[in-house]
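# Commentary on secondary and tertiary structure
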Amino acid sequence: MGDTTDIRNGLTINYKNGLYSVVSFQHVKPGKGPAFVRTKLKNIETGKVIDNTFSSGAKLDVVRIERRPFQYLYRDETGLIFMNNETYDQIPLDRNLITGIDFLKEGMNVDVVFHADNEEPLFAELPPQVELEITYTEPGIKGDTTSTSAMKPAKLETGAEINVPLFINIGDRIKIDTAEGTYLERVKS
């Protein structure tokens, strides 16, 4: 158990029969009345974000979670298979538990978050940025080398499609923001 003084970004709590992670918080001490903590909580299972206010000193059911490095190996009928980088144990994960799954490719390292008390995998997160190769896009036109405001669709080696600047061509490697699913920059070969 904990209380509102333990609230910090990333803290996971058991709240309203679900696991929620603190996205943001703000301690508020109004001139009149008791202090409180305003929070944004993200449901780990559904991804839904809710606003919630806790009165100062309220008790919280804090859940211990652990992040462990895993490598994505392959996909089969049980799900996506990941290997622990330290123990070499393999576990299957359902695709619904993986954030940014469109940018996941074999051999990629991810963090798998476990409920520390019962060793249950909660979700897997890709790195904030990944480098992938463009497998198809319309060819660039001469003169479209510096504009980053005009975009065109492109298909990545994982099968995902994103919008890229006009100067990007087939075979180029680009850096992608996995949270937003957006183009960041072209990677020099």
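Quick look at the structure, then.

### Overview of the sheet that holds strand β8 (residues 79–84)
Strands sit in the order β9-β8-β7-β11-β12-β10 across an open sheet of six strands; the sheet is mixed. The sheet is open, and its two edges are formed by β9 (90–93) and β10 (98–99), each paired on a single side. Note: strand β7 (residues 65–76) against β8, six bridges, orientation antiparallel. Among the inter-strand pairings, Asp76 is bridged to a residue of β8, identified as Gly79.

### Some thoughts on the pattern of salt bridges
Taken as a whole, this structure holds ten salt bridges when the rule is applied. With a closest N to O distance of 2.9 Å, Asp51 and Lys40 form a salt bridge. Taken together, the positions of Asp51 in strand β5 (residues 49–55) and Lys40 in strand β4 (residues 36–43) put the pair eleven residues apart, joining distant regions of the chain. Exposure remark for Asp51: the relative accessible area of 59% places this residue in the exposed category. Looking at Lys40, the relative accessible area reads 36%, which means it is partly exposed. Look at the salt bridges and you will find they share partners, linking Arg64, Glu66, Arg68, Asp117 and Glu119 into a network.

### Some words on the sheet that holds strand β6 (residues 59–62)
The antiparallel open sheet is built from six strands, whose spatial order is β1-β6-β2-β3-β4-β5. At either margin of the open sheet sits one strand with a lone partner, and together these are β1 (2–3) and β5. Pairing of strand β2 (residues 12–15) with β6 involves two bridges; the strand directions are antiparallel. Opposite Ile13, over in β6, you have Val62 as the bridge partner.

### A closer look at the side chain of Thr137
Structurally, the position occupied by Thr137 is in strand β13 (residues 129–137). Looking at Thr137, its side chain comes within polar contact range of the main-chain oxygen of Pro153, at 2.9 Å. When sequence neighbours within four positions are dropped, the list of residues in contact with Thr137 reads Lys152, Pro153, Ala154, Ile168, Asn169 and Ile170.

Calculation rules
Residues numbered from 1 in each chain as written. Predicted model: local features only at pLDDT ≥ 70, side-chain atom pairs only at ≥ 80, totals over all residues. Heavy atoms only, no water. Pairing = 2+ DSSP bridges. Helix = DSSP H or I, 4+ residues; strand = E, 2+ residues; numbered from the N terminus. Salt bridge = Lys/Arg side-chain N within 4 Å of Asp/Glu carboxyl O. Buried < 20%, exposed > 50% of the residue type's maximum accessible area, 1.4 Å probe, protein only. Polar contact = N/O pair within 3.5 Å; in protein donor to acceptor, adjacent residues only side chain to side chain. Contact = heavy atoms within 4.5 Å.

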